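Descriptive analysis of the structure
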Amino acid sequence: MENKDDLARRIGARVKELRKESDLTQKKLADATGLSPGLFSRIENGLAMPSIPTLQIISNTLKTEIGYFFKDGEEGGYVVTHPSQRRVVVSRSGPHGKLAYELELLAEGMNNPFMEPAIVMHVGKEGEVEARTHDGQEFMYVLEGKMKLTLGSKEFILKKGNAAYWNGNVPHKGIGLGRKLAKALHVHLIPGRWTGTFQHVDLPA
């Protein structure tokens, strides 16, 4: 059974790893969390066991789940999903919250992911879906149907087999065209950061 000292060292190593991946110094992380640099030094060196509230503050700042600090070995180091087990969530748009996209989350549960893959069903109608921006980059490959992709001031008509790749700071949106539902594989990539850019909510039970 793991003792307290071993757990403190593992937590400290993971705090340090995530801090460096986020390109933060101990001082910057301390400033962002309101905690002291000295405390971070002791935590990262395994000399202090952070309290749960302290870990929650750190995990929120470093964009990870608090449970990441406690998992050991390979647990959480990979994800294998099956269609019957994957969540389908929705994303809404505009001032009236119109349905814009339905998303099947393909790799939910990966610890500290840099990519966020999903199969996106473009269900929003013209005039109801607003363009969005986010950090990092996004890749899309059309699986079924026909759609209009807006990137900045340009519009592209895409069908099965077409692909696109863009920087997230370019305003973008997708609208399904025709009677067949437009479906595409989307992957968000944010190097050095935990992702979470799809802005989705769970479907009602």
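The structure contained in this document is the topic of the report that follows. Everything numeric in this text was worked out from a predicted model, so none of it was measured. Think of each chain on its own: its residues are numbered from 1, step by step along the sequence as written. Given that the model is predicted, a residue must reach a pLDDT of at least 70 before its local features are reported, and side-chain atom pairs must reach 80 or more before they are shown or counted; all residues, however, enter totals for whole chains, interfaces and linings. Side-chain measures were taken over the full set of non-hydrogen atoms in the model, leaving aside hydrogen atoms and water.

1. So, the pairing of strand β9 (residues 182–189)
A pair of strands is labelled paired if DSSP reports no fewer than 2 bridges between them. Helix numbers and strand numbers start at the N terminus; a helix is a DSSP run of H or I with at least 4 residues, a strand a run of E with at least 2. Taken together, the eight bridges between strand β3 (residues 115–122) and β9 define a ladder with antiparallel strand orientation. Counterpart to Ala-118 in the pairing with β9 is His-186. Note: strand β4 (residues 137–144) against β9, seven bridges, orientation antiparallel. From the neighbouring strand, Glu-138 faces β9, where its bridge partner is His-188.

2. What to know about the packing of aromatic side chains
The aromatic pairing rule takes the rings of Phe, Tyr and Trp, using the six-membered ring of Trp, and pairs them if the centres are within 6.5 Å, calling planes under 30 degrees apart stacked, those over 60 edge-to-face and the rest tilted. Overall, the coordinates contain one aromatic pair when judged by the stated rule. Measuring from ring centre to ring centre gives 6.3 Å for Phe-139 and Tyr-165, while their planes differ by 85°; the resulting arrangement is edge-to-face. Taken together, the positions of Phe-139 in strand β4 and Tyr-165 in strand β7 (residues 163–167) put the pair 26 residues apart, joining distant regions of the chain. In this scheme, a residue with accessible area under 20% of its type's maximum is buried, one over 50% is exposed, and one in between is partly exposed, where area comes from a 1.4 Å probe on protein chains only. For Tyr-165, a relative accessible area of 52% gives the class exposed.

3. Structural notes on unusual backbone geometry
Even without a glycine there, the phi angle at Asp-23 is positive, about 60°. Assessed through its relative accessible area of 65%, Asp-23 is described here as exposed. Within the chain, Lys-63 stands out as a residue other than glycine whose phi angle is a positive 60°. Among the structural elements, Lys-63 can be located in the loop between α4 (52–61) and β1 (88–93).

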